[in-house]
Amino acid sequence: MTESITSDSVRFYRPPLMPGVELVSVRYRERSFPNHSHSEYVIGAIVAGAERLTVAGRSYRVDTGNVLLLHPDEAHANATIGFDVLRYDVLYLREDTMASYVDRDRNNGVLRFALPVSGDPTLLAIVSATHAALSCDAAGRLEQESALGALVRALDVEGPGIPDMAGSQTVLAAHIADAKAYIDENYADGFGLHDLAALSGLSVFHFTRTFKKAIGLSPLAYRNQRRVTEARVRLLEGQAIAQVALDMGYADQSHLTRQFQRIVGASPRRYAQQ
């Protein structure tokens, strides 16, 4: 039976004992997100409904009982499928938080996923259990760190299809590393494509194509992503939304709100309050 809700809902929770972890539980109907990325690992359990996920030009159907697996800064787009409410529980896990849990003798100490979608019921159970343990205020530090460790052990596997990042990194180093670094440091400024292309030594046309191939996002989308990522940090520090908007280079608060809503799925005010 189709569940009936009148509006989307999203709940954020940041475990006090686990810095670098953000938990999100969402309910969406007929919702889509443009091509974007997250600075953290994204590990999500689909509780109900389904969505279409697009990564590196390939489309995946993510159904109830599946697990979503994305690397930090991995560009993707997603949209609900059908009329059923999409419900999922997601863990956003910073790389530095995960580092101590990862086997450094495998995959150079970095988690690499063979595919962005898994149908393994055992992994689903572990993801759900970890999300529940980290959401529980009554759980102590040992319980929560043990749960996160169990999740990493379940994810830290090698297998066919694990992406080889060498190609993208070579392109990045050869042509756009300076431009990317410039955006990272000056995302609030009013630079243009010609400025970025000049840093890469490429024409605007070739720079745009090369950047998109290496990063998975256009220069504009990446600049917007960096702004929203930094805005999240400042909002959690308690800074005023209007001031954050100005600091990020937006004309006013409404411009930040529109970009933030498109990428995060909630308004800056809702995100900061939770």
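Residues numbered from 1 in each chain as written. Predicted model: local features only at pLDDT ≥ 70, side-chain atom pairs only at ≥ 80, totals over all residues. Heavy atoms only, no water.

1. Side note on the environment of Ala177
Here's step 1: Along the chain, the position of Ala177 falls in helix H4 (residues 166-186).
Here's step 2: On the basis of relative accessible area, Ala177 is assigned to the partly exposed category, the value being 32%.
Here's step 3: As for Ala177 and Ala214, which are separated by 37 residues in sequence, their C-alpha atoms are 9.9 Å apart. (Helix = DSSP H or I, 4+ residues; strand = E, 2+ residues; numbered from the N terminus. Buried < 20%, exposed > 50% of the residue type's maximum accessible area, 1.4 Å probe, protein only.)

2. Focus: the sheet that holds strand E8 (residues 76-80)
Here's step 1: Pairing is antiparallel in the open sheet, where 4 strands are placed in the order E3-E8-E5-E6. The open sheet has two edge strands with one neighbour each: strand E3 (32-36) and strand E6 (58-62). Strand after strand, the sheet turns through a mean of 15 degrees between neighbouring axes, direction not considered.
Here's step 2: Here strand E5 (residues 51-55) pairs with E8 via 5 bridges, running antiparallel. Bridge pairing in E8 places Val55 opposite His76. (Pairing = 2+ DSSP bridges. Axes fitted to C-alpha atoms, helices over the stretch in contact; angles between N-to-C directions.)

3. Brief notes about the sheet that holds strand E7 (residues 67-70)
Here's step 1: The 6 strands lie next to each other as E1-E2-E9-E4-E7-E10, forming an open sheet whose pairing is antiparallel. Edge positions in the sheet fall to strand E1 (9-13) and strand E10 (117-118), since each of these pairs with one other strand and no more.

4. Some words on unusual backbone geometry
Here's step 1: Positive phi, normally seen in glycine, also occurs at Ala56, with a value near 50 degrees.
Here's step 2: On the secondary structure map, Ala56 appears in the loop between E5 and E6.
Here's step 3: Notably, Asp73 is not glycine yet its phi reads approximately 65 degrees, a positive angle.
Here's step 4: Tracing the backbone shows Asp73 in the loop between E7 and E8.
Here's step 5: Asp73 sits in the partly exposed class, given a relative accessible area of 45%.

5. A word on the confidence of the model for the protein
Here's step 1: On average, residues of the protein score 86 in pLDDT, and 89% of them reach the 70 mark or higher.
Here's step 2: In the model, residues 1-6 has pLDDT below 50 throughout and makes 11 contacts with residues more than four positions away in sequence or in other chains.
Here's step 3: Low pLDDT (under 50) marks residues 158-167, which in the prediction has 13 contacts with non-local residues, meaning those over four places away or in another chain. (pLDDT = per-residue confidence, 0-100. Contact = heavy atoms within 4.5 Å.)

6. Side note on the pattern of salt bridges
Here's step 1: On inspection of all chains with the given rule, the structure shows 10 salt bridges.
Here's step 2: For the salt bridge of Arg234 with Asp247, the shortest nitrogen-to-oxygen distance reads 3.3 Å. Of this pair, Arg234 sits in helix H7 (residues 219-236) while Asp247 sits in helix H8 (residues 241-247), and the two are 13 residues apart along the sequence.
Here's step 3: Note on Asp247: relative accessible area 28%, which makes it partly exposed.
Here's step 4: Members of the salt-bridge network, linked through shared partners, are Arg14, Glu22, Glu40 and Arg232. (Salt bridge = Lys/Arg side-chain N within 4 Å of Asp/Glu carboxyl O.)

7. Overview of the packing of H7 against helix H9 (residues 253-264)
Here's step 1: For the pair H7 and H9, interaxial distance at closest approach is 10 Å and the crossing angle is 95 degrees. In this view, H7 runs roughly perpendicular relative to H9, as classed from their interaxial angle. Here Asn224, Gln225, Val228, Ala231, Arg232 and Leu235 of H7 come into contact with H9, specifically with Leu256, Gln259, Phe260, Ile263 and Val264.
Here's step 2: For the contact of H7 with H9, the class distribution of residues is 7 nonpolar, 3 polar and 1 charged. (Parallel < 35°, antiparallel > 145°, perpendicular 65-115°, else oblique. Nonpolar A, V, L, I, M, F, W, Y, C, P; charged D, E, K, R; others polar.)

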